[in-house]
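Architecture at a glance
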Amino acid sequence: MDRDIGDMFLNFPLDKRVWPYTGLNLENLFDGTEEEDDAVLRMAGSQWVHWGRCLMGFKPSPYNAIKTAMVVEEVAKGDRHCERNPFQWDHIRLNLPGKVDYDPSLSWISKIRNDGLIACDIFTFVDDERVSGATRELTWQAGHRLAYIQAYLGIQDAARKLRELSQRGGAWAGSVVHTIPEVGVCVLTTEEKWNKFKDIIVKWLERLERGDQELDHKELQSDRGFCVHVCNNYPAMKPFLKGFHLTLEMWRGNRDEEGWKLPTRLKHIDEEGEDDDVSLITEEEDEDADEVLMCLKLEDECVSDSTTATTSSDSTEEDDPTDLGHLTAPASGKTTPAKRFVDDLRALMHLSDSDSPPVRVVRSRTVVSAVYGFGDASGKGFCGTMGYHGHINYRIGVWGRDEESESSNYKELCNLVETCEEEASAGRLYNAEFFLFTDNSTSEACFYRGSSKSKLLHELVLRLRKLEMDYTLTIHLVHVSGDRMIAQGTDGGSRGSLLEGVLSGKPMLDFVDVGKTALERHGPLLDWIRDWTENQLLSPMTPEEWFVEAHGICGGEINADGIWIPVHEKRNQVHLWCPPPAVADAAMEELLKARHKRTDTFHIILIPRLMTPRWRRLYRKVVDFTCEIPAGSSHWPSNMFEPLWLGIVLPFTHHRPWQLKRAPLILELERDMRRVLKAGGEDGGRHILRKLWTLNSRLWKVPADVARKVLRMPREEDTTGVSYEGDGG
């Protein structure tokens, strides 16, 4: 059931402190010449009135309106333990990969009612609401409760936009989601967008086939954006958008005839002004270069004003007239087509030849099994191991002359692709969910991005996506550490040894930790957290608490009108999040909601670095401070293999910059923490974390100008035109 809040901003009051600045003079509208005018002026009491609702164009309006709507949603959901509440639920069911009882046909995380059905829930995108439930009757009751609670609280319901109950709902948040009982949960795009997508492909293909060599850059960029939007519903199409990407960048030069970037040099000037590293980057290594540049940029943000740090030439040198990196479009407005553009357009035309949008299954009811595999490649050989119902299959070999000279990134991904192709052709991956582990981060990044800046890597990604389509296969590519690969035995297999890890008889699931929390794997970590927070009662939240207590709800009371109103906890409470990596995205979504509603609480996040493409963006969006604790440190032993991500969310301050994220002092503490962890300090950076943990209480006790000095912020007169993140919070 789809619902809509009418006149979103007008439902929520404007802060009374702003009223003196929102006066309206009614004199020109009601001059008293008619009876109705007199009635209006008498009711107003004056020709001057003030506006009392959220203003259009007012910077805090979206933030405050959505925040209040989320609080209203808490009231609408009511007491989760009440049997008469259609939103009632009893517990969270975790169905996690890597567990012996994992069922691929079920969702990884679900709210379960007392009767065993999946609970009703509300999904919101700004003012659009979607109510879901296990049965038609429950969903209707949930939608009815949402509507009458909103009406009780003064929120308008745009009844004209109401959509009837259906398992084949309309478009919402960019996608159309259908639940087909005999198939499963499916996603597609709308008919209108599908037809427009096909028209775009035909338009550009016709221009190229008639020999056009100058293409309108702005038009192409707009069409590329729409195609990316549609292909978000069809990941298998993403690799064929590469022709758009390359053509849009052809005007910059430094590319071959097919549009691929030529080898370039990466330069970084260290704090003393000397060249820190100058290296030639090949196209296969370009994915790693992006991460290097990002790390260098973060380092540069942390240095003091007296430090020189740059990723290009010295600031005293003249600008290079051939450097077009700072431009976003060609001066002529034209670009030339990449050689592969026409082939990609033909492939997209072939994939989109259906009259109606194709249906993509995202959770199938017919998945046969879950398969786990590891792949690794060395300079001379390669190995792949697969686990099937307690049995281990493996493939080993050596590289031929034509592949031995290729980059390590190519060898790693090529081995993974060929492993998948062999297993699929043998009939072992049909209708399966395949968890494939690699110690090469570039392979993971290319797969989830859907393309690569390297031609060779891009073609390998394309082969993986084609496998998914041909065998109704779902692939999860997971980056793990090299130490895990060694312990699991696949690394030794690539060097000819068959006496290690799973090849020596150990169970495959012993090396699959995506369904385990950091504290499940290493309990003493909790003592370290309690030490620097000086909170000996601190415990990790359960999955049930992610959805209630983490939002500051500590109970509820029935008011005089019989409505359950939530009771919220006191400020400065601490919540410890330790989600398994497989469902960390669900935990981070709840944390983002909680953060939006309650800006006066502390949150600590502990997640092992596994399956990061699923949750990394949400994590970075919410944390104020983050660090990576390496395996082998004093509080995260080497048998954990991957690093542990530690994130801290601090309460807002009562003055600028409101949110402490990216404040100079926070960046400085992050840099100091990295140095301590790299050096292997005994206390694991306790003194730094303790300083961070007490920072908020210090800021609340001092005036705004003193707080700015503590945070290393520039003076107020130096910040003209600067907008701080969280301003107005």
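Describing an aromatic ring pair means giving the distance of the ring centres and the angle of the ring planes. Inspection of the entire model under this criterion finds 17 aromatic pairs. Look at Phe382 and Trp399: their rings are 4.9 Å apart centre to centre, the planes differ by 50°, and that puts the pair in the tilted class. With Phe382 in strand 17 (residues 381-388) and Trp399 in the loop between strand 18 (391-398) and helix 9 (401-404), the pair connects residues that are 17 residues apart, well separated along the chain. Here Phe382 falls in the buried class, since its relative accessible area comes to 10%. Judged by relative accessible area, which is 6%, Trp399 ranks as buried. With centroids separated by 5.6 Å and ring planes inclined at 85°, the aromatic side chains of Trp532 and Trp693 adopt a geometry described as edge-to-face. In this pair, Trp532 is assigned in helix 16 (residues 525-533) and Trp693 in helix 21 (residues 686-693), connecting sequence segments 161 residues apart. According to the relative accessible area criterion, Trp693 is buried, its value standing at 9%. Within the aromatic cluster, the residues linked to one another by ring pairs are Tyr102, Trp108, Tyr372 and Phe435. The ring of Phe226 is capped by Lys196, whose NZ or CZ atom sits 4.4 Å from the centre of that ring. For Arg465, the ring lying beneath its charged end belongs to Phe447, and the centroid distance is 4.2 Å.

Further remarks concern the sheet that holds strand 6 (residues 121-125). Judged by pairing direction, the sheet is antiparallel, and its 3 strands sit side by side in the order 1-7-6 without closing on themselves. Of all the strands in the sheet, the pair left with one neighbour each is strand 1 (2-4) and strand 6. Adjacent strand axes in the sheet meet at a mean angle of 25° when their direction is disregarded. The sheet contact formed by strand 6 and strand 7 (residues 128-132) spans 5 bridges and is antiparallel. The residue bridging Ile122 from the neighbouring strand is Val131, located in strand 7. Its contacts with the sheet place helix 3 (residues 136-152) against strand 1, strand 6 and strand 7, and it is angled at close to 145° to strand 7.

This next bit is on the pairing of strand 20 (residues 474-479). For strand 20, the tally of buried residues reaches 5 of 6 residues, placing the bulk of the element in the interior. Relative to strand 20, strand 19 (residues 432-438) is paired through 6 bridges, and the arrangement is parallel. Bridged to Phe437 within strand 20 is Val478.

Bringing the pattern of salt bridges into the picture now. Under the counting rule described, the total for this entry stands at 37 salt bridges. One salt bridge connects Asp491 with Arg495, and the closest N-O pair in it is separated by 2.8 Å. Residues Arg595 and Asp624 are paired through a salt bridge, measuring 3.2 Å at the closest nitrogen-oxygen approach. Of this pair, Arg595 sits in helix 18 (residues 584-597) while Asp624 is found in the loop between helix 19 (612-622) and strand 25 (625-629), placing the two residues 29 residues apart along the sequence.

This next bit is on the nonpolar core. Ranked by size, the top nonpolar core spans 44 residues in total, and within it Phe374, Phe437, Trp577, Met588, Ile605 and Tyr619 carry the most contacts. Elements represented by at least two residues in this core include exactly strand 16 (369-377), strand 19, helix 18, strand 24 (602-608), helix 19 and strand 26 (644-649). In this structure, Trp577 is in contact with Met541, Trp546, Ala550, Ala587, Glu590, Leu591, His603, Ile604, Ile605 and Leu606, ignoring residues within four places of it in sequence.

Let us now look at the confidence of the model for the protein. For the protein, the mean per-residue pLDDT works out to 83, and 87% of the residues sit at or above 70. Contacts of residues 266-323 to residues separated by more than four positions or lying in other chains number 82 contacts, the stretch itself having pLDDT below 50. Residue range residues 718-729 is modelled with pLDDT below 50. Its contacts to residues more than four positions away, or to other chains, number 22 contacts.

Rules and cut-offs
Residues numbered from 1 in each chain as written. Predicted model: local features only at pLDDT ≥ 70, side-chain atom pairs only at ≥ 80, totals over all residues. Heavy atoms only, no water. Phe/Tyr/Trp six-rings, centres within 6.5 Å; stacked < 30°, edge-to-face > 60°. Helix = DSSP H or I, 4+ residues; strand = E, 2+ residues; numbered from the N terminus. Buried < 20%, exposed > 50% of the residue type's maximum accessible area, 1.4 Å probe, protein only. Lys NZ or Arg CZ within 6 Å of the ring centre and 35° of its normal. Pairing = 2+ DSSP bridges. Axes fitted to C-alpha atoms, helices over the stretch in contact; angles between N-to-C directions. Contact = heavy atoms within 4.5 Å. Salt bridge = Lys/Arg side-chain N within 4 Å of Asp/Glu carboxyl O. Core = buried A, V, L, I, M, F, W, Y, C linked by side-chain atoms within 4.5 Å. pLDDT = per-residue confidence, 0-100.

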